[in-house]
Amino acid sequence: MAERRLAGLPVVSTDGLIVVDKPGGMTSHDVVARIRRLARTRRVGHGGTLDPMATGVLVIGVGRSTRLLTYVIGAGKSYTATIRLGQATVTDDAEGDVIATTSTVGVTDDAIRAALAAQTGEIDQVPSAVSAIKINGQRAYKRVREGESVELPARRVTISRLDVLAVRRDTPDVVDVDVDVTCSSGTYIRAIARDAGLALGVGGHLTALRRTAVGGFTLAEAATLDTLEQRAPDVVNLPLAVAADRFFPHRDATGDEAKVLSHGGPLEAAGIAGPYAVFGPDGGLIAIVSERDGRARAEIVLAPA
């Protein structure tokens with residue numbers, strides 16, 4: 001592990017990804033700030049925001065690995081969640097005030113399953129108004145909090161799996177539905193709850209959300225912040241080359257090819273569907289490339305300068 005000193009403090013420069021099990025009550029930025037302190041570097045980012053209420057898989061990049069986060073953000077994701085039918089909230093989740101209450105007496109289990117099944121496949125989904133999407137340079141949630149009425153355009157998303165795990169009627173006049181969802185990047189689970197409630201005419205919102213996977217990164221390998229605190233500053237559990245090999249198709253380069261690619265030059269195409277990772281003879285990651293016009297060209301060069 002390379003170290004250098006800055007302002008009298010040891011600064012550990014480690015490149016890699018950390019799969020964090022985010023606790024509830026923290027923003028994704030809060031987690032990044034904690035990792036900056038633990039890893040002793042400011043070069044830290046995250047691969048896909050989780051709301052404060054949500055828990056589960058948050059992929060953190062440290063050092064040069066922050067450049068991989070663009071790809072992580074675009075990966076498919078899986079969640080477990082609880083939808084409460086019978087109440088609508090301003091945020092479409094439990095963090096917002098209840099704005100409408102409608103009894104769910106008469107709403108059958110079959111109707112609930114049908115309303116959720118209608119949201120599977122490739123659909124046009126309107127994001128929650130209280131979201132981080134920017135409108136004319138300002139986050140939508142800020143405009144809502146300032147009293148504006150915000151309408152966001154629908155986005156095409158894919159919900160490849162939406163399994164109903166349980167339908168519970170433990171509380172009078174509301175129904176709680178536990179679901180397991182696998183979806184494309186950009187899907188709002190809050191919007192699934194809202195739209196199911198609208199379809200059933202009783203309103204709906206999300207009361208619990210846990211992200212169980214981002215791409216191939218799952219809860220099984222996620223570390224809590226307490227565990228990372230104990231390991232600090234050795235917090236990276238997927239070094240740069242290992243992380244890239246897990247996430248991308250693999251190509252090995254010769255010494256000459258490694259030299260060309262590390263300086264931004266193209267390689268001959270190898271017929272690999274990209275983007276993919278290219279590794280040097282020493283096993284180090286050189287670049288993430290994609291092929292076009294018979295050449296393999298770097299999207300990002302990651303070989304050490």
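Anyway, here's the lowdown on the structure attached to this text. Predicted, not measured: the structure shown is a model, and the values here were computed from it.

### With respect to the overall build of the protein chain
Secondary structure summary: the protein chain contains eight helices and 21 strands in total. By the burial criterion, 47% of the 305 residues in the protein chain qualify as buried. Long-range contacts, defined as pairs at least 24 residues apart, comprise 67% of the intrachain contacts of the protein chain with a sequence gap of at least 6. Of the roughly 14300 Å² of accessible surface on the protein chain, 50% is carried by carbon and sulfur atoms.

### Concerning the environment of Ser184
Following the sequence through the fold, Ser184 ends up in the loop between β13 (175-183) and α5 (189-200). Placed 107 residues apart in sequence, Ser184 and Lys77 show a C-alpha to C-alpha distance of 6.3 Å. Not counting residues up to four positions away in its chain, the partners in contact with Ser184 are Val157 and Thr158.

### Notes on the layout of surface pockets
The calculated volume of the second largest pocket comes to roughly 200 Å³. Considering the residues around the second largest pocket, the lining is formed by 13 residues, among which Asp282, Gly284, Leu285, Ala303 and Pro304 are closest to the centre. Of all the secondary structure elements, the ones that give two or more residues to the lining of the second largest pocket are α7 (240-247), α8 (255-262) and β20 (285-292). Counted by class, the lining of the second largest pocket contains eight nonpolar, three polar and two charged residues.

### Thoughts on the pattern of salt bridges
Going through the model one piece at a time under the given rule, you end up with 18 salt bridges. We note a salt bridge from Glu229 to Arg34, for which the minimum N-O separation is 3.6 Å. In this pair, Glu229 sits in helix α6 (residues 225-231) while Arg34 sits in helix α1 (residues 28-39), placing the two residues 195 residues apart along the sequence. Taking the relative accessible area as the measure of exposure, Glu229 reaches 34% and is therefore partly exposed. The partly exposed category is assigned to Arg34, whose relative accessible area is 26%.

### Things to note about the packing of aromatic side chains
This model, assessed by the stated rule, comprises three aromatic pairs. A ring pair is formed by Tyr71 and Phe248, whose centres lie 5.1 Å apart and whose planes are at 85°; its orientation type is edge-to-face. A residue pair is termed long-range when its members are at least 10 positions apart, and Tyr71 in helix α2 (residues 69-73) and Phe248 in the loop between α7 and β17 (250-252) qualify at 177 residues. When the ring of Phe217 is compared with that of Phe247, the centres are 5.7 Å apart and the planes differ by 10°; the resulting orientation is stacked. In this pair, Phe217 is assigned in strand β15 (residues 217-218) and Phe247 in helix α7, connecting sequence segments 30 residues apart. When its relative accessible area of 24% is taken as the criterion, Phe247 is described as partly exposed.

### Notes on the packing of helix α3 (residues 109-117) against α5
Where α3 contacts α5, the two axes come as close as 9 Å, and the packing angle between them is 130°. Considering their axes alone, α3 and α5 lie oblique with respect to each other. Considering only the axes of α3 and α5, their crossing is right-handed. For the pair formed by α3 and α5, the contact residues are Ala111, Ile112, Ala115 and Leu116 on the first element and Ile192, Ala196, Ala199 and Leu200 on the second. In terms of residue class, the contact of α3 with α5 is built from eight nonpolar, no polar and no charged.

### Remarks on the pairing of β20
Counting buried positions along β20 gives six out of eight residues, so the element sits mostly inside the fold. Two strands pair when backbone bridges link them, and strand β19 (residues 276-279) and β20 are joined in this way by four bridges, in the antiparallel orientation. Pairing of Tyr276 across the sheet is with Val289, part of β20. The loop that links β19 with its antiparallel partner β20 comprises five residues; one of these, Gly283, has a positive phi angle of about 85°. Sheet topology note: the β20/strand β21 (residues 295-301) ladder contains six bridges and is antiparallel. By the bridge assignment, Ser290 is partnered in β21 with Arg297. Between the antiparallel neighbours β20 and β21 lie two residues, among them Asp293 with a positive phi of about 55°.

### Some details on unusual backbone geometry
In the segment running from Ala232 into Pro233, the intervening peptide bond is cis, with an omega of 0°. Its place among the elements puts Pro233 in the loop between α6 and β16 (238-239). Note that the residue after Gly274, namely Pro275, is joined by a cis bond; omega there is 0°. With respect to the element layout, Pro275 can be found in the loop between β18 (267-268) and β19. Notably, Asp92 is not glycine yet its phi reads approximately 70°, a positive angle.

Reading the values: rules and limits
In this numbering scheme, every chain counts its residues from 1 along its sequence in written order. For this predicted model, a pLDDT threshold of at least 70 governs which residues receive local features, and a threshold of 80 or more governs which side-chain atom pairs are given and counted, while totals over whole chains, interfaces and linings are taken from all residues. The side-chain numbers reported here are obtained from all heavy atoms of the structure, hydrogens and water having been left aside. Secondary structure elements follow DSSP: runs of H or I of four or more residues count as helices, runs of E of two or more count as strands, with numbering from the N terminus. Only protein chains enter the accessibility calculation, which uses a 1.4 Å probe; a residue whose area is less than 20% of its type maximum is buried, one above 50% is exposed, and one in between is partly exposed. When checking whether two residues touch, look at their non-hydrogen atoms; a contact exists if any pair is within 4.5 Å. Residue-level accessible areas treat just the shown protein chains as cover; the underlying method is Shrake-Rupley with a 1.4 Å probe. The distinction between a cavity and a pocket rests on a 1 Å grid over the protein atoms alone: a 1.4 Å probe fits inside a cavity but cannot get out, while a pocket stays open yet meets protein on both sides within 12 Å along at least five of seven lines, and a residue with an atom within 4 Å of a point counts as lining. Grid points are joined across faces, edges and corners, and a volume is the space filled by probe spheres set on the points. The residue classification treats Ala, Val, Leu, Ile, Met, Phe, Trp, Tyr, Cys and Pro as nonpolar and Asp, Glu, Lys and Arg as charged. All others, Gly included, are polar. What counts as a salt bridge is simple: a side-chain nitrogen of Lys or Arg found within 4 Å of a carboxyl oxygen of Asp or Glu. Classification of ring pairs rests on two measures: the distance between centres of Phe, Tyr or Trp rings, Trp counted by its six-membered ring, which must be within 6.5 Å, and the angle between planes, read as stacked under 30 degrees, edge-to-face over 60 and tilted in between. The convention used is that axes are lines fitted to C-alpha atoms, helices contributing only their stretch in contact, and that angles between N-to-C directions extend from 0 to 180 degrees. Orientation is classified from the angle alone, with under 35 degrees giving roughly parallel, over 145 giving roughly antiparallel, 65 to 115 giving roughly perpendicular, and any other angle giving oblique. Put simply, a crossing is left-handed when the front helix is turned counterclockwise from the back one by less than a right angle, and right-handed when it is turned clockwise. Being paired, for any two strands, means DSSP has found at least two bridges between them.

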